[in-house]
Amino acid sequence: QVQLVQSGGGLVEAGGSLRISCVASGHTGDIYTLAWFRQAPGKEREFVAAISGTARISFTESLKGRFNISRDNATAFLHMHSLGPEDTAVYYCASHCADLGPAPDCPSWGRGTQVTVSS
């Protein structure tokens, strides 16, 4: 089994930045994709970004330029800038995704972390 532990998140003012992280542990293997999704209130979960074990990256087009994803071995980071109220959501980390999106199938999930952007 794979465990994903998320940290970071919280309340930030509009225009601010935030970084959230996700640490994978357990039976991860050596090369695997980590991804971020988010779900805003009343909306479906959407793909945000993914990074493969060889550091290939993909993004939802609308978030390019404001969000960035990076990785340090088993830890994935989502760097978020110029945040707006529309970015308010629960952000989920996922691992061992089948591909880099735009709708990757990922078998392992973190519990989510709340990001709230005040206007």
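Further up the page is the structure itself.
In short, a report on the structure. (Residues numbered from 1 in each chain as written. Predicted model: local features only at pLDDT ≥ 70, side-chain atom pairs only at ≥ 80, totals over all residues. Heavy atoms only, no water.)

One pass over the full model with this rule turns up two disulfides. Disulfide partner of cysteine 22: cysteine 93, at an S-S distance of 2.0 Å. An S-S torsion of about -70° defines the bridge between cysteine 22 and cysteine 93 as left-handed. Of this pair, cysteine 22 sits in strand E3 (residues 18–26) while cysteine 93 sits in strand E9 (residues 89–95); the two residues are 71 residues apart in sequence, bridging distant segments of the chain. For the residue pair cysteine 22 and cysteine 93, the accessibility class agrees, reading buried in each case. Through a disulfide, cysteine 97 is tied to cysteine 106; the S-S separation comes to 2.1 Å. One quick way to see it: the torsion about the S-S bond of cysteine 97 and cysteine 106 is about 105°, and its sign makes the bridge right-handed. With relative accessibility at 8%, the residue cysteine 97 sits in the buried group. (Disulfide = S-S within 2.5 Å. Helix = DSSP H or I, 4+ residues; strand = E, 2+ residues; numbered from the N terminus. Buried < 20%, exposed > 50% of the residue type's maximum accessible area, 1.4 Å probe, protein only.)

Moving on, we get to the environment of valine 23. In this structure, valine 23 sits in strand E3. A relative accessible area of 36% places valine 23 in the partly exposed class. Every residue in contact with valine 23, bar those within four places of it in the chain, is listed here: Gln3, Leu4, Val5, Ala74 and Thr75. (Contact = heavy atoms within 4.5 Å.)

Turning to the packing of aromatic side chains, a few remarks are in order. Enumeration over the complete set of coordinates arrives at two aromatic pairs. Measuring from centroid to centroid gives 4.7 Å for phenylalanine 37 and tryptophan 109, while their planes differ by 50°, and the two rings are tilted. Of this pair, phenylalanine 37 sits in strand E4 (residues 34–39) while tryptophan 109 sits in strand E10 (residues 108–109); the two residues are 72 residues apart in sequence, bridging distant segments of the chain. By way of ring pairs, the aromatic residues Phe37, Phe47 and Trp109 are connected into one cluster. The ring centre of tryptophan 109 lies 4.0 Å from the NZ or CZ of arginine 45, which sits over that ring. The residue whose ring lies beneath arginine 71 is tyrosine 32, and the NZ or CZ to ring-centre distance is 4.6 Å. (Phe/Tyr/Trp six-rings, centres within 6.5 Å; stacked < 30°, edge-to-face > 60°. Lys NZ or Arg CZ within 6 Å of the ring centre and 35° of its normal.)

Leu34, Trp36, Phe67, Leu78, Met80 and Tyr91 are the most contacted members of the largest nonpolar core, which has 27 residues in total. Elements represented by at least two residues in this core include exactly strand E1 (2–8), E3, E4, strand E5 (46–51), strand E7 (67–72), strand E8 (75–80), E9 and strand E11 (113–118). With residues near it in sequence (within four places) discarded, phenylalanine 67 still touches Arg38, Val48, Phe59, Leu78, His79, Met80, His81, Leu83, Asp87 and Tyr91. Core analysis: the second largest hydrophobic core is formed by eight residues, Ala35, Phe47, Cys97 and Cys106 among them. (Core = buried A, V, L, I, M, F, W, Y, C linked by side-chain atoms within 4.5 Å.)

Right, let's talk about the side chain of threonine 113 for a bit. If you trace the backbone, threonine 113 turns up in strand E11. Polar contacts involving the side chain of threonine 113 include one to the main-chain carbonyl oxygen of glycine 8, which spans 3.0 Å. Sequence-distant contacts of threonine 113, that is, excluding residues within four places in its chain, are made with Gln6, Gly8, Gly9, Ile20, Ala89, Val90 and Tyr91. (Polar contact = N/O pair within 3.5 Å; in protein donor to acceptor, adjacent residues only side chain to side chain.)

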